Amino acid sequence: MSAAMDTESTYSGYSHYSGHSKKAHRQGRDRHKSPRSKDGSRSEKSVTIQTPPAEPLLGNDASRAEEGQDDNWGETTTAITGTSEHSISQEDIARISKDLEDSVGLDCKRYLGLTVAAVLGLLVFLTPIAFILLPQILWRDDLEPCGTVCEGLFISVAFKLLILLIGTWALFFRQPKADLPRVFVFRALLLVLIFLFVFSYWLFYGVRILDSKDTNYQGIVQYAVSLVDALLFIHYLAIVLLELRQLQPMFTVKVVRSTDGESRYYSLGHLSIQRAALVVLENYYRDFTVSNPALLTASKSRAAKHMAGLKVYNVDGNNASGQSRAMIAAAARRRDSSHNELYYEEADHERRVRKRRARLVVAVEEAFTHIKRLQAEEQQKAPGEMMDPREAAQAIFPSMARALQKYLRTTRQQQYHSMESILQHLSFCITNNMTPKAFLERYLNPGPTLQYDRDRWFSKQWTLVSEEAVTSGLQDGVVFVLKCLDFSLVVNVKKIPFIKLSEEFIDPKSHKFVLRLQSETSV
């Protein structure tokens, strides 16, 4: 209880400061807008962008303190400013409408493909049953008696259709993982093959059986059995083309992230470029560390500061080439000493990171020790007074919040860890009796992309850029790029070389050795 009161009093000052800054910012913005609102001849379209609501820290109580705490978490006070205005041109409106049309087109294409596949599958399963039932309905009295042979064939058709249904459900009825730009060639070929196959069977059935009203019912049933057998063989072919063909590794791809140069290697089989891109993205979210644009701002700011110190004055007003030479010479002199600045900046940053890390480790260990003491005390109380993991996490979080906040700021990770996610992780560690080291692992070592909040890293749309057709297979030397909003993945394909192994036989009897002793030895 005292920890919660301390937390509320600590962050109340942050809330007052944030509210004052918001009020001053809103007054200044209204001051700048007032002259333009009086001018009736000039109109400007604007869009109001509202920030998401603040996340609660200590349950549902003290909402004002929680708002201020979330505003100041990870140096986001200046980011939450209420509303902002941006002008939109006709080109922007046209681009937005085009994106909406493209998304609607992708949805229509996906649902159209699913509809066609579902209708064709229903036709495939109903065709053998229709072949058997139509003669019984149309000319039952003229059919020859079949007896036990037809009954055995009925059982065979039933079980084969059941096996085909289960295999089709396992192979085709899966939740799609992505929307590919082009159709899957092998799947489209299989659908066309099945349609032609069923159509040819219906054509033969209509000409030779329905028109002539064939009375040999046993032959009709065997005709339906042959159709089911052929469908099973097509299903085996689908397994080979869709699943088994790509299992043998044939290519090695190198994936490089454009922002920081992080790379990984993967082995792929016979895949098209678009399906290889899908495999690369699935492995990217698992293997690559999360992309952090804040780590790239240091080098950019250092370069900007380096160029800002250069000033060239043109006295005569007609010596442009002289200006260029003077600037190049000054830049060269600055470059000779810039490596010292970089060295000391990196050394100072590493020192501050180690210092923040040590403080964070000590604070977390003390907080977990406090939780263990609370658990020992609470066991002697009534069951109604015991804390659940969420309450325990809220009780110890204020003692480590400042150290964790400073460490995340120093390592520029604050945008990937919200207060709610930290509290959830803390309560999870307390529930499973995990150590402080296990709790800190997420924050001390940058993890894979899937470890973080989905809304903070997930890119909803990737663009595949390739000189080759995306439906063509992988080849040696093919390069394609996967682009998203903040960065891109450059993929280079290399074929695994042909390896030739030779065998050399060694006779086990040849392993004989002789000990050679000198006649004169040292004493």
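Fair warning: this is a prediction, and the values are worked out from it, not measured in the lab. (Residues numbered from 1 in each chain as written. Predicted model: local features only at pLDDT ≥ 70, side-chain atom pairs only at ≥ 80, totals over all residues. Heavy atoms only, no water.)

A. Examining helix α11 (residues 419-431) more closely. Counted at 1.5 Å a residue, the expected span for α11 with its 13 residues is 18 Å, and the 18 Å between its end C-alpha atoms agrees. Counted residue by residue, α11 has ten buried out of 13 residues, so it is predominantly covered. The complete set of buried residues in α11 reads Met419, Glu420, Ser421, Ile422, Leu423, His425, Leu426, Ser427, Cys429 and Ile430. Downstream of α11 by a residue or two, asparagine 433 has a phi angle that is positive, lying close to 55°. (Helix = DSSP H or I, 4+ residues; strand = E, 2+ residues; numbered from the N terminus. Expected span 1.5 Å × (residues − 1). Buried < 20%, exposed > 50% of the residue type's maximum accessible area, 1.4 Å probe, protein only.)

B. Expanded view of unusual backbone geometry. Although it is not a glycine, lysine 213 sits at a positive phi angle of roughly 50°. Structurally, the position occupied by lysine 213 is in the loop between α5 (185-210) and α6 (217-244). Using a relative accessible area of 49% as the deciding quantity, one classes lysine 213 as partly exposed. For arginine 412, which is not a glycine, the phi torsion comes out positive at approximately 60°.

C. Region of the structure containing the packing of α11 against helix α12 (residues 436-444). At a closest axis distance of 9 Å, the pairing of α11 and α12 adopts a crossing angle of 150°. One way to sum up the angle between α11 and α12 is to call them roughly antiparallel. The handedness of the crossing between α11 and α12 is right-handed. Residues Ile422, His425, Leu426 and Cys429 of α11 lie in contact with α12, whose contacting residues are Ala438, Phe439, Arg442 and Tyr443. (Axes fitted to C-alpha atoms, helices over the stretch in contact; angles between N-to-C directions. Parallel < 35°, antiparallel > 145°, perpendicular 65-115°, else oblique. Left-handed = near helix turned anticlockwise from the far one by under 90°. Contact = heavy atoms within 4.5 Å.)

D. The environment of leucine 482, seen in detail. On the secondary structure map, leucine 482 appears in strand β4 (residues 479-483). Given the relative accessible area of 2%, leucine 482 is considered buried. For leucine 482, the residues in contact, after removing those within four places along its chain, are Ala277, Val280, Leu281, Trp462, Thr463, Leu464, Phe487, Ser488 and Leu489.

E. Structural view of the state of the cysteines. Evaluated as defined, the whole model comprises one disulfide. Shown here is the disulfide that connects cysteine 146 with cysteine 150, its sulfur atoms set 1.3 Å apart. The sign of the S-S torsion, about 90°, decides the handedness of the disulfide formed by cysteine 146 and cysteine 150: right-handed. For cysteine 150, a relative accessible area of 3% corresponds to the buried category. (Disulfide = S-S within 2.5 Å.)

F. Focus on the layout of surface pockets. Of the volumes computed, that of the largest pocket is approximately 1600 Å³. Taken together, 47 residues make up the lining of the largest pocket; nearest its centre are Leu114, Ala117, Phe172, Phe184 and Arg187. Sorting the residues of the lining of the largest pocket by element identifies α3 (90-138), α4 (148-172), α5, α6 and α7 (273-287) as the ones contributing at least two each. Here the element with the most residues in the lining of the largest pocket is α3; it accounts for 14 residues. Split into classes, the residues belonging to the lining of the largest pocket amount to 31 nonpolar, six polar and ten charged. (1 Å grid on protein atoms, 1.4 Å probe; cavity = no way out; pocket = protein on both sides within 12 Å on 5 of 7 lines; lining within 4 Å. Points joined across faces, edges and corners; volume = space filled by probe spheres on them. Nonpolar A, V, L, I, M, F, W, Y, C, P; charged D, E, K, R; others polar.)

G. Representation of the environment of proline 497 within the structure. Along the polypeptide, proline 497 turns up in the segment after β5 (488-495). Using a relative accessible area of 62% as the deciding quantity, one classes proline 497 as exposed. Along the chain, proline 497 and phenylalanine 251 lie 246 residues apart, while their C-alpha atoms are 8.9 Å from each other.

H. Main features of the sheet that holds β5. Taken together, the five strands give an open sheet; going across it, the order is β2-β1-β5-β4-β3, and neighbouring strands pair in antiparallel fashion. Looking at the sheet topology across the chains shown, the edges are occupied by β2 (263-268) and β3 (463-466). Across this sheet, the average inter-strand angle for adjacent strands is 25°, counted without regard to direction. Strand direction decides the pairing type here: β4 and β5, joined by five bridges, are antiparallel. By the bridge assignment, lysine 483 is partnered in β5 with serine 488. (Pairing = 2+ DSSP bridges.)

I. Structural view of the UniProt feature "transmembrane region" (unreviewed entry) in the chain. Per the UniProt record, the feature "transmembrane region" (unreviewed entry) sits at residues 111-133, 153-172, 184-204 and 224-244. Between the first and last C-alpha atoms of residues 111-133 the distance is 32 Å; the span itself is 100% helix and 0% strand. Counted over residues 153-172, helix gives 100% and strand 0%. Its end C-alpha atoms are 28 Å apart. (UniProt positions renumbered as here; feature names shortened; annotations may be inferred.)

J. The side chain of arginine 257, seen in detail. With respect to the element layout, arginine 257 can be found in strand β1 (residues 251-257). A polar contact is formed between the side chain of arginine 257 and the side chain of aspartate 260, at a distance of 2.9 Å. Other than its neighbours up to four places away in sequence, arginine 257 contacts Glu262, Tyr284, Phe288, Thr289, Val290, Ser291, Phe487, Ser488 and Leu489. (Polar contact = N/O pair within 3.5 Å; in protein donor to acceptor, adjacent residues only side chain to side chain.)

K. Focus on the packing of aromatic side chains. Using the criterion set out here, one finds 20 aromatic pairs in the structure. Note on phenylalanine 131 and tyrosine 223: the rings are 5.5 Å apart at their centroids and 35° apart in plane angle, and the pair reads as tilted. Here tyrosine 223 lies in helix α6 and phenylalanine 131 lies in helix α3, a separation of 92 residues in the sequence. Like tyrosine 223, phenylalanine 131 is buried. (Phe/Tyr/Trp six-rings, centres within 6.5 Å; stacked < 30°, edge-to-face > 60°.)

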